[in-house]
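So the chains spell out like this:
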Amino acid sequence: MTYELSPVELAQRLESLESRLAHQEHWLDTLDQTIVQQERRLEKLEQLSGLMRERLREQHQALQSNEPQGGQRLEDERPPHY
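Residues take numbers from 1 onward in each chain, read along the sequence in its written order. Confidence filtering applies because this is a predicted model: local features only for residues at pLDDT of at least 70, side-chain atom pairs given and counted only at 80 or more, and all residues used for totals across whole chains, interfaces and linings. Side-chain figures throughout are based on the complete set of non-hydrogen atoms in the structure, without hydrogens or water.

Undergrad: So what exactly am I meant to see when it comes to the overall build of the protein chain here?
TA: To qualify as a helix, a DSSP run of H or I must reach at least 4 residues; to qualify as a strand, a run of E must reach at least 2; elements of each kind are numbered from the N terminus. The helix and strand tally for the protein chain stands at 1 helix and 0 strands. Relative accessibility under 20% of the residue-type maximum defines a buried residue, over 50% an exposed one, and the middle range a partly exposed one, all with a 1.4 Å probe and only protein chains included. Scored against the burial criterion, the 82 residues of the protein chain give a buried share of 0%. For the protein chain, the exposed surface amounts to about 8,600 Å²; the carbon and sulfur share of it is 53%. In short, Shrake-Rupley with a 1.4 Å probe defines the accessible areas, and a residue's cover is counted only from the protein chains shown.

This is how it looks when you write it as structure tokens:
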């Protein structure tokens with residue numbers, strides 16, 4: 001069942017398709033910008049995580065170097081009032 005469209009109907013369909021295409025292009029641009037922003041945030045969070053991991057490693061090493069001989073930790077020592 002094929003029928004020919006009038007020039008007015010073809011123009012309306014073409015206008016509708018162009019409008020839909022413009023709308024989809026807008027959303028693709030918006031999604032692309034969102035992905036770029038999220039990628040930047042992820043990079044910053046990865047850097048922050050690396051810095052925090054390094055800081056924790058340094059604190060752990062500092063705590064280990066301050067432990068008294070014999071493996072006794074500061075938390076295990078008896079307070080002076082005992």
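Undergrad: Honestly, a nonpolar patch on the surface in this entry has me stumped. Any pointers?
TA: A surface patch of nonpolar side chains, amounting to about 430 Å² of accessible area, comprises Leu 45, Leu 48, Leu 51 and Met 52. Mapped onto the elements of the fold, Leu 51 is located in helix H1 (residues 7-65). The class of Leu 51 is exposed, set by a relative accessible area of 60%. Two distance rules govern patches: like charges are joined within 9 Å, and nonpolar side chains (Val, Leu, Ile, Met, Phe, Trp, Tyr) within 5 Å, applied only to residues with over 30% relative accessible area and no salt bridge. Salt bridges are defined as contacts in which a side-chain nitrogen from Lys or Arg sits within 4 Å of a carboxyl oxygen from Asp or Glu.

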